[in-house]
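A structural walkthrough
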Amino acid sequence: MNQIRNIAIIAHVDHGKTTMVDELLKQSGTFSAHEQVDDRIMDSNDLERERGITILSKNTSVYYKGNKINIVDTPGHADFGGEVERVLNMVDGVLLLVDAFEGPMPQTRFVLSKALQQNLQSIVVINKIDRPGAQPMEVIDKVLDLFIELDANDEQLEFPVVFASAKQGIATLNLDTPGETMEPLFETIIDIVGPHKGNSEGPFQMLVSNIEGDEYLGRIALGRIKRGRPTRLQPIIITTTDEGKRQAKIGKIFTYSGLNREEVEIGETGDIVAISGLGDINIGQTLCDVDHVEPLAFTDIDAPTVSMTFSVNNGPFAGLEGDYVTSRHLRDRLFKEVETNVSLKVENTDSAESFKVSGRGELHLSILIESMRREGYEFVVSKPSIIYKEIDGVKNEPIENLVIDVPEEFMGAVMEKVGLRKAELVNMTTGNKGYTRLEFKIPARSLISYRSEFMTDTKGNGIMNHSFLGYEPAKGEITSRKKGVIVAFENGTSTDYGLFNAQDRGTLFIDSGVDVYEGMIVGENARGEDITINVCKQKHLSNMRSSGADEALRINPKKNLSLEQSIEFIEDDELVEITPKNIRLRKNLK
Ligand code: GDP
């Protein structure tokens, strides 16, 4: 029988996680000859790919010399904090994959800190050693610094290092001896991550670490079998530490093989499995043998840090573009989301048309918004607001770790702006190619709306990453805005003439020939106040020059705001209108 080993993979986007897992699958012979290996194995969801992050953890398993290695993906962003801890609960070690050129990045920092806290052993894989300019030894030093900063214990600091080129399918323990296959990595995993030690003879026990929805099977519980070997149709007790228990019966049991879910009669101790037939099962509950009802401890899901109001679109264009537009639609969709998106919270408000949606960060919420938009929903959202937390009678607020890479010439501007936002510089290092890396601690609320300013200030040359650090006593007032907006004066269609007149005042967000309405935000004013402009204005014939040929009006290219940028842009009295076809901004006129 295969020995089971469970490992989580931690990597910053683009450091080569997908390529690495593909290669492990290929070389382990997990695929039979007729199976095609899709190039993009781990991140399969379009939305995730566009945003360069993994949202839902996925399991892949590879077989190597009588071992089954379950590889669990970790979410690439701290906005999915609760999920990280639950994933790490299922594994005995982590693979930290780091680009040999870029070095460790802030998103991995958060996940790694959680792994170290759970006392997991790490294997550091320095990937892309084939890359010109790769600095594997320097990168190891940086990884070591990071481990020290994160309070790794002595044993954790002794991490083994594997040098790899996932792209070429090779790994080695020693840079002087180029690798030929991935074998050194496989061997290191087997060496470091012990086989699961659970008692296979004992009564069944499994903590539900995740839930998946399946069209046919309903809710499916995912987790690692802690003890015993469950069988199909076995009666069990489902329990939580505080909420009593209920009887249930196992439906089907699935294990992971390669990329597939495979049905089995019996689940093996230590394996990561999916179990159907349990009705309204939830994360954090324990599945137990009927005679041994012993709930397992569960790491609480991280509390939401940001909330936004989702409302029915009540603007002049309401219902014109969406398939699902009523409060009923909105309500059903949001409450359905909560069932599987566990760090999300949805609450009713005083108005039947609005719901308060709270999540782990702007990204967490914007992913939901974008998914709904693609499904055909139409609605409006408000500016995100930070959720404060009372700790020992003191008002605390979420603080982020902000890492900025900028060319030296823009450093002054960045320091000044984040300084105004109550950021504290914690570290500064000179990095690659004349870039300086600045690390700050900054209130999460300061980051909302900073990104677009940052892009402007660094002329698009800066890179900004942030991750949740913790709570600190609230920092007091932070003054933000920036600039006023240009608002459309009346309903109509924008014209070259109207836009030509408007563009002197600031930056426009629309082209000509676009339907607009009174109160819609069509641009950013260069000054502090809001102005209303008639962008639909037609040129009067009497204004026509008598000299004949009319000069073509030169309209500047519009500034395209992404969904995230739109959300970060708006102020308290403004809304983002979301439909399957358009993202508009508007004043919240009653
Ligand atoms: P992920 O976002 O971490 O899943 O990263 P991917 O596996 O998608 O890889 C990101 C990019 O890096 C792709 O263009 C890969 O072809 C490339 N890449 C991955 N591994 C290597 C490597 O070992 N060497 C080089 N030069 N490029 C690599």
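Treat the numbers as computed from the prediction; the structure is a model and nothing was measured. Counting of residues starts from 1 at the beginning of each chain's written sequence and follows it residue by residue. Local features in this predicted model are restricted to residues of pLDDT 70 or higher, and side-chain atom pairs are both shown and tallied only at a pLDDT of 80 or more, whereas totals for entire chains, interfaces and linings draw on every residue. Where side-chain values are given, they derive from all heavy atoms of the structure, hydrogens and water being excluded.

1. Details of the overall build of the chain
Within the chain, the regular secondary structure consists of 14 helices and 34 strands. Taken across its 590 residues, the chain has 53% of its residues classed as buried. Residue contacts are counted whenever heavy atoms from the two residues lie within 4.5 Å of one another. A separation of at least 24 residues holds for 72% of the contacts in the chain among residues at least 6 apart in sequence. Note on areas: Shrake-Rupley, 1.4 Å probe, and residue coverage restricted to the protein chains presented here. Carbon together with sulfur atoms contributes 46% to the accessible area of the chain, which is approximately 26600 Å² in total. The secondary structure listing takes helices from DSSP runs of H or I that are at least 4 residues long and strands from runs of E that are at least 2 residues long, numbered from the N terminus. Only protein chains enter the accessibility calculation, which uses a 1.4 Å probe. A residue is then buried if its area is under 20% of the maximum for its type, exposed if over 50%, and partly exposed in between.

2. Concerning the packing of aromatic side chains
Under the pairing criterion, centres of Phe, Tyr and Trp rings, with the six-membered ring standing for Trp, must be within 6.5 Å; the plane angle then separates stacked pairs below 30 degrees from edge-to-face pairs above 60, leaving the rest tilted. Going through the model one piece at a time under the given rule, you end up with eight aromatic pairs. Pairing Phe310 with Phe379 gives two aromatic rings, centres 5.5 Å apart and planes at 10°, and the pair type is stacked. Of the two residues, Phe310 sits in strand 17 (residues 306-311) while Phe379 sits in strand 20 (residues 379-382), which places them 69 residues apart along the sequence. With respect to burial, Phe310 and Phe379 carry one shared label: buried. Taking the centre distance of 4.7 Å and the plane angle of 35° together, the rings of Tyr324 and Tyr377 count as tilted. A residue pair is termed long-range when its members are at least 10 positions apart, and Tyr324 in the loop between strand 17 and helix 8 (327-340) and Tyr377 in the loop between helix 9 (362-375) and strand 20 qualify at 53 residues.

3. Brief notes about the environment of Leu561
Mapped onto the fold, Leu561 is located in the loop between strand 32 (531-533) and helix 14 (563-569). Residues Leu561 and Ile510, spaced 51 residues apart in sequence, show a C-alpha to C-alpha distance of 9.9 Å. With residues up to four places along the chain from it excluded, the contact list for Leu561 reads Phe509, Ser566, Phe569 and Leu585.

4. Examining the nonpolar core
Judged by nonpolar contacts, the single largest core of 37 residues is most densely connected at Leu88, Leu96, Val124, Ile126, Val143 and Phe147. Discounting residues that sit within four places of it in the chain, Leu88 has contacts with Ala8, Thr74, Val94, Val111, Lys114, Ala115, Gln118 and Leu120. One finds Phe310, Leu334, Val487 and Phe569 within the second-largest nonpolar core, a separate group that totals 31 residues. Put simply, a nonpolar core is a bunch of buried Ala, Val, Leu, Ile, Met, Phe, Trp, Tyr and Cys residues held in one set by side-chain atoms that sit within 4.5 Å of each other.

5. Here's the deal with the confidence of the model for the chain
The predictor attaches a confidence to each residue, called pLDDT, with possible values from 0 through 100. Looking at the chain as a whole, the pLDDT averages 86, with 89% of positions reaching at least 70. Between residues 39-44, whose pLDDT stays under 50, and residues either more than four places distant or in other chains, the model counts 23 contacts. Between residues 52-57, whose pLDDT stays under 50, and residues either more than four places distant or in other chains, the model counts 24 contacts.

6. Regarding the sheet that holds strand 5 (residues 121-127)
Judged by pairing direction, the sheet is mixed, and its seven strands sit side by side in the order 2-3-1-4-5-6-7 without closing on themselves. Each end of this open sheet is capped by a strand with a single partner; those strands are strand 2 (59-64) and strand 7 (170-172). On average, each strand axis in the sheet is tilted by 30° relative to the strand beside it, whichever way the strands run. Where strand 4 (residues 93-99) lies against strand 5, seven bridges are found, and the strand directions are parallel. Note on strand 5: the bridge partner recorded for Leu96 is Val124. Criterion used throughout: strands pair if DSSP finds at least two bridges between them. Each axis is a line fitted through C-alpha atoms, and for a helix only the stretch in contact is used; angles between axes span 0 to 180 degrees, taken between their N-to-C directions.

7. With respect to the pairing of strand 9 (residues 210-214)
As judged from the five bridges shared by strand 9 and strand 10 (residues 218-227), these two strands associate in the antiparallel manner. Residue pairing for strand 10: Asn210 is matched across the bridge by Leu222. Linking strand 9 back to strand 10 in an antiparallel pair, the connection comprises three residues.

8. Here's the deal with unusual backbone geometry
Positive phi outside glycine occurs at Asp392, with the angle close to 50°. Relative to the helices and strands, Asp392 is located in the loop between strand 22 (389-391) and strand 23 (394-407). Using a relative accessible area of 77% as the deciding quantity, one classes Asp392 as exposed. Not every positive phi belongs to a glycine, and Lys422 is a case in point at roughly 65°. With respect to the element layout, Lys422 can be found in the loop between helix 10 (411-420) and strand 24 (424-430).

9. Re helix 8
Given the number of residues in a helix, its expected span is that number minus one, multiplied by 1.5 Å. The terminal C-alpha atoms of helix 8, which comprises 14 residues, lie 21 Å apart, in line with the 20 Å expected from a rise of 1.5 Å per residue. Of the positions making up helix 8, those classed as buried are Leu330, Arg333, Leu334 and Glu337. When helix 8 is viewed along its axis, its buried side chains cluster within an angular range of 95° and face the same direction. What points out from helix 8, more than 90 degrees from its buried face, is the exposed set Arg328 and Lys336. The arc in question is traced by the directions running from the helix axis to the C-beta atoms.

10. Re the side chain of Ser446
Secondary-structure assignment places Ser446 in helix 11 (residues 444-447). Take Ser446: its relative accessible area is 2%, and that puts it in the buried class. Polar contact criterion, stated in full: a pair of N or O atoms within 3.5 Å, where within protein one must be able to donate a hydrogen and the other to accept it, and residues adjacent in sequence count only if both atoms are side-chain atoms. A distance of 2.8 Å separates a polar atom in the side chain of Ser446 from the backbone oxygen of Arg421. Setting aside residues up to four positions removed in sequence, Ser446 forms contacts with Arg421 and Ile478.

11. Regarding the pattern of salt bridges
As a working rule, side chains carrying opposite charge can pair if their charged atoms are close by. A pairing counts as a salt bridge when a side-chain nitrogen of Lys or Arg comes within 4 Å of a carboxyl oxygen of Asp or Glu. Across all of its chains, the model carries 29 salt bridges by this definition. One network of salt bridges, with partners in common, ties together Glu321, Glu577, Arg584 and Arg586.

12. Describing the pairing of strand 17
The buried fraction of strand 17 amounts to five of the six residues, a majority that puts the element mostly inside the structure. The sheet contact formed by strand 17 and strand 21 (residues 385-386) spans two bridges and is antiparallel. Counted as the bridge partner of Val306 is Ile386 from strand 21.

13. Brief notes about the environment of Arg360
Examined against the element boundaries, Arg360 turns out to sit in the loop between strand 19 (354-359) and helix 9. A relative accessible area of 2% places Arg360 in the buried class.

14. Concerning helix 10
What helix 10 keeps buried is the set Met411, Val414 and Val418. Seen end-on, helix 10 carries its buried residues on one side only, within an arc spanning 65°. Across helix 10 from its buried face, at more than 90 degrees, point the exposed residues Glu416 and Leu420. Immediately downstream of helix 10, the backbone of Lys422 shows phi near 65°, a positive value.

15. Focus on the packing of helix 8 against helix 9
At a minimum axis distance of 12 Å, the contact between helix 8 and helix 9 shows a crossing angle of 130°. The orientation of helix 8 with respect to helix 9, classified from their angle, is oblique. Crossing of helix 8 over helix 9 shows right-handed handedness. From helix 8, Leu330, Arg333, Leu334 and Glu337 reach across to helix 9, where they touch Leu368, Ser371, Met372 and Glu375. Following the grouping adopted for this structure description, the nonpolar residues are Ala, Val, Leu, Ile, Met, Phe, Trp, Tyr, Cys and Pro, the charged ones are Asp, Glu, Lys and Arg, and the polar ones are all others, Gly among them. Of the residues in the contact of helix 8 with helix 9, the class split is four nonpolar, one polar and three charged. Geometric relationships in this document are graded by angle, where less than 35 degrees denotes roughly parallel, more than 145 denotes roughly antiparallel, 65 to 115 denotes roughly perpendicular, and other angles denote oblique. We call a crossing left-handed when the near helix sits turned anticlockwise from the far one by less than a right angle, and right-handed when that turn is clockwise.

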